[in-house]
Amino acid sequence: MPQSAEKILDHAPLFREPEYRKMLAEKKLNFECPHSDQIVTDQAEYTKTWEYREKNLAREALVVNPAKACQPLGAVFAAAGFERTMSFVHGSQGCVAYYRSHLSRHFKEPSSAVSSSMTEDAAVFGGLKNMVDGLANTYALYDPKMIAVSTTCMAEVIGDDLHGFIENAKSEGSVPPEFDVPFAHTPAFVGSHVDGYDAMVKGILEHFWKGKERTEAAGTINIIPGFDGFCVGNNRELKRLLNLMGVSYTFIQDASDQFDTPSDGEFRMYDGGTKIKDVRAALNAEATLSLQHYNTRKTLDYCQEFEQATASFHYPLGVKATDEFLMKVSEISGKEIPETIRLERGRLIDAMADSQSWLHGKKYAIYGDPDFVYAAARFIMETGGEPIHCLATNGTTAWEAEMKELLASSPFGKDAQVWPGKDLWAMRSLLFTEPVDLLIGNSYGKYLERDAGTPLVRLMFPIFDRHHHHRFPLMGYQGGLRVLTTILDKILDKLDGETIKVGVTDYSYDLTR
Ligand code: SF4
């Protein structure tokens, strides 16, 4: 046996031991009816060709490795950004197990949410009883200040009426009549998690603002961050910048503390988040700014109904995008951008200039949520790189048009292509037929890295196979510096790897790069 108590082998080295290799080879030969190695290799090679790419990109019904999730995930994330708020997903409970594990695996933190546990009988008779009992239990057990209700696709298909059900539950005494139970219908078969985020935030604002009179408080700003796997680092960084400017602001939805509680002997089911009194007061803000346009289209329309000024950005990452965001904030608040921030900007530009020779002309494939892809492509072009493939499974035709306009604005975008609605199996074909130097995406990109050999830079939700990246910002000048360093590390690690062979390639294994 290869195991010894002095040096225990886990699965990775253990199954490479000779007896395991032999056992697995025999199992394959005797029981798996395998194709010959030649057939497997030929087929694998065929999937790398232009001919296969054309068939692949012509797919209409089949989706393989989509880079998006369903609406309620976005709603659960959104609800986590409000003070002592429990996410209540009306529908089947398997969905909630998935959202919680998905968020936990990314943040390495607890993720609390409950389900009304609808089953076959509720699919026939409706889920009213589940809502009545579920709200009562959630209220009694988890002591929330607010319960934010969204839906799984099962509840949507059978057409449960959330508003009516919640009113019924209140009249049956599940929660006190004045207890806050905002809701949003979040059908999984429409849009993606970013639309679920939008629906839930809008539902919460509607709950508190509907029928209220607005008294404008000049110079005050609401900020909606959008679905962001880097919310912990980003929200804290943006607050630091806004505090340096002395701006009066409210984050509407802020999960930065909820997904980063300390280990000090106490489990916090709830932490931080936008205070309910601040959500109410946010109606009076002069303006509402969204950091991610495609996460907040309905919410911003709703803010406009109250005659708030609105503006949206595409994930303010990099020099110009951060400039635009800060200048907008300065314009609305009347506050100057202070010297400290100007110096930070200069330091980012200095770093970009220092590393220019390594970045210029590098080719990238980028995928993720629409706003992030826009931001990353924009920053890559600022560094002299070429965003050759820009893909968003949940990208719309409006996003495609905005991307094309962005890419046309720089000579570094001239060979770039935009791929709305495509999945990562399509990206795999793109990487084989028109190769690039780096792939920017999430942990699912590691399979593309394995297949196509394109190094993966993890900057997008979810990041399951690296730890704690979300604690550091991507937005603002500091975030830009971090993205720059991450990309450079990847480029230089690759170069070191290629030049490490003694007497073969190590004439370029330089100490100073
Ligand atoms: S797609 Fe439907 S069943 Fe699947 S997790 Fe989303 S809501 Fe649940």
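What you are looking at is a predicted structure, and each value in this text was computed from that prediction instead of being measured. Counting from 1, residues in each chain are numbered in the order their sequence is written. Owing to the predicted nature of the model, reporting of local features is limited to residues with pLDDT of at least 70; listing and counting of side-chain atom pairs is limited to 80 or more, with chain, interface and lining totals taken over all residues. Calculated side-chain values reflect all of the structure's heavy atoms, with hydrogen atoms and water omitted.

### Describing the overall build of the protein
Here is the rule we go by: Under the DSSP-based scheme used, a helix requires at least four consecutive residues in state H or I and a strand at least two consecutive residues in state E, with every element numbered from the N terminus. Buried residues are those whose accessible area, probed at 1.4 Å on protein chains only, stays under 20% of the maximum for their type, while exposed residues exceed 50% and partly exposed ones sit between those limits. Should any heavy atoms of two residues lie within 4.5 Å, those residues are considered in contact. All accessible areas in this document rest on Shrake-Rupley with a 1.4 Å probe, and a residue is counted as covered only by the protein chains that are shown. Just so you know, the count uses Lys and Arg for positive and Asp and Glu for negative, and it drops His and the chain ends. Lys charges are placed at NZ, Arg charges at CZ, Asp charges at CG and Glu charges at CD.
Helix and strand counts for the protein come out as 22 helices and 12 strands. Dimensions of the protein along its principal axes, counting C-alpha atoms only, are 75 × 65 × 55 Å. The buried share of the protein, taken over its 513 residues, is 52%. A fraction of 72% describes how many contacts in the protein between residues 6 or more apart in sequence connect residues 24 or more apart. Accessible surface for the protein amounts to roughly 23600 Å². Of this, 54% is attributable to carbon and sulfur atoms. Charge-centre separation for the protein: the mean point of 54 positive side chains lies 3 Å from the mean point of 71 negative side chains.

### Here we look at the packing of helix α5 (residues 71-79) against helix α11 (residues 193-209)
How two helices pack is summed up by the angle between their axes together with the distance between the axes. We apply this condition: To define axes, lines are fitted to C-alpha atoms, for helices over the stretch in contact only, and angles between the resulting N-to-C directions are given on a 0 to 180 degree scale. Our angle categories are set so that under 35 degrees counts as roughly parallel, over 145 as roughly antiparallel, 65 to 115 as roughly perpendicular, and the remainder as oblique. Here a crossing is called left-handed whenever its near helix is offset anticlockwise from the far helix by less than a right angle, and right-handed whenever the offset is clockwise. For this classification, the nonpolar set comprises Ala, Val, Leu, Ile, Met, Phe, Trp, Tyr, Cys and Pro, the charged set comprises Asp, Glu, Lys and Arg, and every other residue, Gly included, is treated as polar.
α11 packs onto α5 with a crossing angle of 45° between their chain directions and a minimal axis gap of 6 Å. In terms of their interaxial angle, α5 and α11 are classed as oblique. In this structure, α5 meets α11 at a crossing whose hand is right-handed. Across the interface between the two elements, Gln71, Leu73, Gly74, Ala75, Phe77, Ala78 and Ala79 from α5 touch His193, Asp195, Gly196, Tyr197, Ala199, Met200 and Val201 from α11. Taken together, the residues that form the contact of α5 with α11 break down as nine nonpolar, four polar and one charged.

### A few points about the site of the ligand
The line we're drawing: A single heavy atom is enough: if one lies within 4 Å of a molecule or strand, its residue is considered near that molecule or strand.
Neighbouring residues of the ligand: Cys70, Pro72, Cys95, Tyr98, Tyr99, Thr152, Cys153 and Ala188. Take the shell around the ligand: its biggest share by element is three residues, from helix α6 (residues 93-107).

### Section: the pattern of salt bridges
Our working rule: Salt bridges are identified by distance alone: a Lys or Arg side-chain nitrogen within 4 Å of an Asp or Glu carboxyl oxygen.
Using the criterion set out here, one finds 37 salt bridges in the structure. Glu32 is the partner of Lys27 in a salt bridge, and the nearest nitrogen-oxygen pair spans 2.8 Å. Residue Lys27 is classed as partly exposed on the basis of its relative accessible area, which comes to 41%. For Glu32, a relative accessible area of 40% gives the class partly exposed. In this structure, Arg268 and Asp264 form a salt bridge, with 2.8 Å as the shortest nitrogen-oxygen distance. When salt bridges that share partners are traced, they join Glu109, Arg236, Asp257, Asp260 and Arg471 into one network.

### Looking at the packing of aromatic side chains
Note the cut-off: When two rings of Phe, Tyr or Trp (its six-membered ring) have centres within 6.5 Å they constitute a pair, described as stacked for plane angles under 30 degrees, edge-to-face for angles over 60, and tilted for the intermediate range. Only Lys NZ and Arg CZ are tested; either one counts as a charge over a ring when it is within 6 Å of the ring centre and within 35 degrees of the ring normal.
Going through the model one piece at a time under the given rule, you end up with 16 aromatic pairs. Considering the side-chain rings of Phe77 and Phe227, the 4.6 Å spacing of their centres and the 40° angle between planes classify their relative orientation as tilted. Here Phe77 is found in helix α5, whereas its partner Phe227 is found in the loop between β4 (217-224) and α12 (231-245), with 150 residues between them in sequence. Here Phe77 matches Phe227 in class, with each residue buried. Here the aromatic rings of Phe227 and Phe461 are separated by 5.0 Å at their centres, their planes lie at 75°, and the arrangement is edge-to-face. Note that Phe227 is positioned in the loop between β4 and α12 and Phe461 in the loop between β12 (456-458) and α22 (476-498), a separation of 234 residues in sequence. Above the plane of the ring of Phe251 lies Lys239, whose end atom (NZ or CZ) is 5.5 Å from the centre.

### Describing the UniProt feature "domain: Nitrogenase/oxidoreductase component" (unreviewed entry) in the protein
Operational definition: UniProt positions are given in the numbering used here, feature names are shortened, and annotations may be inferred rather than shown by experiment.
The UniProt feature table records "domain: Nitrogenase/oxidoreductase component" (unreviewed entry) at residues 70-491. Across residues 70-491, the secondary structure splits into 48% helix and 14% strand, with the terminal C-alpha atoms separated by 34 Å.

### A few points about α11
Selection rule: Any helix carries an expected span of 1.5 Å times its number of residues minus one.
The terminal C-alpha atoms of α11, which comprises 17 residues, lie 24 Å apart, in line with the 24 Å expected from a rise of 1.5 Å per residue. The buried fraction of α11 amounts to 13 of the 17 residues, a majority that puts the element mostly inside the structure. A positive phi of about 75° marks Gly211, the residue just after α11.

### Things to note about the sheet that holds strand β3 (residues 146-151)
Heads up, the rule is: Strands pair, by our definition, only if DSSP identifies at least two bridges between them.
Here three strands make up an open sheet; going across it, the order is β2-β1-β3 and the pairing parallel. Strand pairing shows two members of the sheet lacking a second neighbour, β2 (114-115) and β3, which therefore form its edges. In terms of strand pairing, strand β1 (residues 85-90) meets β3 through six bridges, oriented parallel. Its bridge partner being in β3, Val89 is matched across the sheet by Ser150.

### Structural notes on the sheet that holds strand β11 (residues 438-441)
Read from one edge to the other, the open sheet built from five strands follows the order β10-β9-β8-β11-β12, with strand pairing classed as parallel. Pairing within the sheet leaves two strands with one partner each, and these edge strands are β10 (417-420) and β12. Looking at each pair of strands side by side, their axes are set apart by 20° on average, direction ignored. As judged from the four bridges shared by strand β9 (residues 386-392) and β10, these two strands associate in the parallel manner. Note on β10: the bridge partner recorded for Leu391 is Trp419. Lying on the sheet, α22 is in contact with β8 (363-367), β11 and β12; it crosses β12 at an angle near 155°.

### Concerning the environment of Asp510
Tracing the backbone shows Asp510 in the segment after α22. A relative accessible area of 41% places Asp510 in the partly exposed class. Considered as a pair, Asp510 and Phe208 are 302 residues apart in the sequence and their alpha carbons are 61 Å apart.

### Considerations on unusual backbone geometry
The amide bond that connects Phe461 to the next residue, Pro462, takes the cis arrangement and shows omega of -5°. The phi dihedral of Cys33 falls on the positive side, at around 45°, and the residue is not glycine. Relative to the elements of secondary structure, Cys33 occurs in the loop between α2 (18-31) and α3 (37-46). Not every positive phi belongs to a glycine, and Tyr315 is a case in point at roughly 55°. Here Tyr315 shows up in the loop between β7 (309-312) and α15 (319-333). Take Tyr315: its relative accessible area is 2%, and that puts it in the buried class.

### Regarding the nonpolar core
Formally: Working definition of a nonpolar core: buried Ala, Val, Leu, Ile, Met, Phe, Trp, Tyr and Cys residues. They are joined through side-chain atoms within 4.5 Å.
Trp209, Phe372 and Ile487 are the most contacted members of the largest nonpolar core, which has 103 residues in total. By residue number, the principal contributor to this core is helix α18 (residues 370-382), which donates nine residues. Each residue touching Phe372, except ones within four places of it in the same chain, is listed here: Tyr315, Leu317, Ile366, Tyr367, Ile440, Leu459, Met460 and Leu474.

### Observations concerning the side chain of His470
Within the secondary structure, His470 sits in the loop between β12 and α22. When its relative accessible area of 2% is taken as the criterion, His470 is described as buried. Other than its neighbours up to four places away in sequence, His470 contacts His106, Phe107, Gly229, Phe230, Val232, Gly233 and Phe259.

### Looking at the domain arrangement of the protein
Stated formally: Each domain span listed reflects an automatic or database assignment of domains.
Segmenting the protein into domains produces domain 1 (1-34), domain 2 (71-209), domain 3 (218-340) and domain 4 (352-481). The distance between the C-alpha centroids of domain 1 and domain 4 comes to 38 Å.

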